[in-house]
Each structure stands twice: as structure tokens, then as C-alpha cells.
Amino acid sequence: RGCVNIITMKRKGFSLVELIISVGLVVIIGGLVIRSINPAGQISRARNLQRQADLNTILNSVRSNIADNRTGVFSCAAGDLPTSSKKMASTGTSTYDIAPCIIPTYFTTMPFDPVAAGAHYTSNTDYDTGYYISKSTSTSSSTSQFTITVSAPSAELGQTISITR
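Bear in mind that the values here come from a model prediction, so they are computed numbers and not experimental data.

Novice: Any chance you could break down the confidence of the model for the protein for me, citing the residues and the numbers?
Specialist: For the protein, per-residue confidence averages 89 on the pLDDT scale, and residues scoring 70 or more make up 89% of the total. Highest mean pLDDT in the protein belongs to strand E1 (residues 86-89) (97); lowest belongs to strand E5 (residues 143-152) (86).

Here it is in C-alpha cells:
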């Protein structure tokens, strides 16, 4: 009875080596999961999708304005659409003040880039979309045809987001 039989002795708990191996495996697996999920990439993709939706909204409202006026020309106090790419904003150099021409007739607030520096919408007199617009004209035979391009230069993940119709 005085001798302890090592074979029949019951252990309780984990050894330090077992704990280190377990923690190491959890860290490695967790790192792989986080890397595969890529939360920063997912957020960037979501912002790019938002930009595409914003550009479609703006372009659709411009086309609706042209259709409503039945003149084939965008009706706006700022004048016809610019022929060179200009930022849609209320103030600044090389900007085009489009909001009063489409808000609130075609939608309620002016969309703006989610991360572009200075992009915001407070009112039709205080906004900066971070998006650009231009109109290109090509005259063929007796009719004048044009396309409108809206773009988001702050797109992420190396994408170029631009819509032309």
C-alpha cells in the first residue's frame, strides 16, 4: 500500500504543453478564418456597391429631368450638363451645382461618396457628392446624340466605377 502505482494514478486538469498547443491551434485557426472573411475587404466592397447605386440614382434622375422637359436638354439653373468632368457640389472650382435641379423632384437627398474627403449632404446649398458628371455630344446626321457619364473617383479595391448612358 505504500507504493504508488503510476499506471493507475488519475490525472486531473491539463499540462502546460497541452494548453500551449491548444491555444496555438485556436490562434492559427482564428487567424485563417479572419483572413478568409476579410472584414476590411467586405466593407470596401459594400462601399463600392453603394457608389454604384448612388451613380445609378443620379443618372436616372438626370435622365428623368431630360424626359420630363421634353426638350432633350437637362433643365437646371446651373445650365446644361458640363462637357468636361466636374464634381457635383454646391461650391468650389470646377464644380457643377446639380442638387437643386433633382432634389426633391426625383429623390429626397443627394447621395454622396461614403469616404471621399469632404463628401456630405446637408442641403441643396451645402453639399459635395464626391462624384463627377460630364456630357459628351456626338452629332450624327440631323440628330444630336449625347451620353452622360457619372463617376466615383474614390472607389476602393482598385476598381473604376463609372456609368455612361
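What follows continues from the structure just given.
Novice: Outline the nonpolar core, supporting the account with residue identities and numerical values.
Specialist: Within the largest apolar cluster, 27 residues are counted, with the highest numbers of intra-cluster contacts made by Val62, Phe74, Ile98, Met110 and Ile133. Counting only elements with at least two residues in this core, the list comes to helix H2 (39-69), helix H3 (99-102), strand E4 (126-140), E5 and strand E6 (161-164). If you tally residues by element for this core, the top one is H2, at five residues. Excluding residues that lie within four positions of it along the chain, Met110 makes contacts with Ile58, Met88, Ile98, Ala99, Ile102, Ile103, Tyr121, Tyr127 and Thr129.

Novice: Before we move on, could you go through the packing of aromatic side chains and cite the residues and values that matter?
Specialist: Applying the stated criterion to the full structure yields one aromatic pair. For the pair Tyr121 and Tyr127, a centre-to-centre distance of 6.2 Å together with 50° between the ring planes defines the contact as tilted. Note on Tyr127: relative accessible area 2%, which makes it buried. For Lys135, the ring lying beneath its charged end belongs to Phe146, and the centroid distance is 4.5 Å.

Novice: Could you give an account of a nonpolar patch on the surface, naming the residues involved and the relevant values?
Specialist: Taken together, the side chains of Val17, Ile21, Leu25, Ile29, Val33 and Ile37 define a hydrophobic patch exposed on the protein surface, amounting to about 550 Å² of accessible area. Along the polypeptide, Val33 turns up in helix H1 (residues 16-37).

Novice: Run through the environment of Gln145, naming residues and quoting values.
Specialist: Here Gln145 is to be found in strand E5. Spatially, the C-alpha atom of Gln145 lies 9.3 Å from that of Gly72, the residues being 73 residues apart in sequence.

Novice: Describe H2, and please don't skip the residues or the numbers.
Specialist: Taking 1.5 Å of rise per residue, 31 residues should cover 45 Å, and H2 covers 45 Å from first to last C-alpha, within 8% of that figure. Turning to H2, its buried residues number three or more, namely Gly41, Ser44, Asn48, Arg51, Asp54, Leu55, Ile58, Leu59, Ser61, Val62, Asn65 and Ile66. Remark: Arg70 follows H2 within two positions and exhibits a positive phi of approximately 50°.

What counts and how
The numbers attached to residues start from 1 for each chain and follow its sequence in the written order. Restriction of local features to residues with pLDDT of at least 70 applies here, the model being predicted, together with a cutoff of 80 or more for giving and counting side-chain atom pairs; totals for whole chains, interfaces and linings are based on all residues. Water and hydrogen atoms play no part in the side-chain values, which are based on all heavy atoms of the structure. Per-residue confidence from the predictor is reported as pLDDT, which spans 0 to 100. A run of DSSP states H or I qualifies as a helix once it reaches four residues; a run of E qualifies as a strand once it reaches two. Both are numbered from the N-terminal end. The nonpolar core is taken to be a set of buried Ala, Val, Leu, Ile, Met, Phe, Trp, Tyr and Cys residues, with the residues joined through side-chain atoms within 4.5 Å. Type-normalised accessible area, obtained with a 1.4 Å probe on protein chains alone, sets the label of each residue: buried when under 20%, exposed when over 50%, and partly exposed for intermediate values. By the convention used here, residues are in contact when the closest approach between their heavy atoms is within 4.5 Å. Each Phe, Tyr or Trp ring, with Trp reduced to its six-membered ring, pairs with another whose centre is within 6.5 Å; inter-plane angles below 30 degrees give stacked pairs, above 60 give edge-to-face pairs, and intermediate values give tilted ones. By definition here, charges over rings are those cases where NZ of Lys or CZ of Arg is within 6 Å of the ring centre and within 35 degrees of the ring normal. Think of a patch as exposed residues, more than 30% relative accessible area, with no salt bridge, where like charges cluster within 9 Å and nonpolar side chains (Val, Leu, Ile, Met, Phe, Trp, Tyr) cluster within 5 Å. For the accessible areas, the method is Shrake-Rupley and the probe is 1.4 Å, while residue cover comes only from the protein chains on display. Throughout this description, the term salt bridge denotes a Lys or Arg side-chain nitrogen within 4 Å of a carboxyl oxygen of Asp or Glu. Expected helix span is given by 1.5 Å per residue-to-residue step, counting one fewer step than there are residues.

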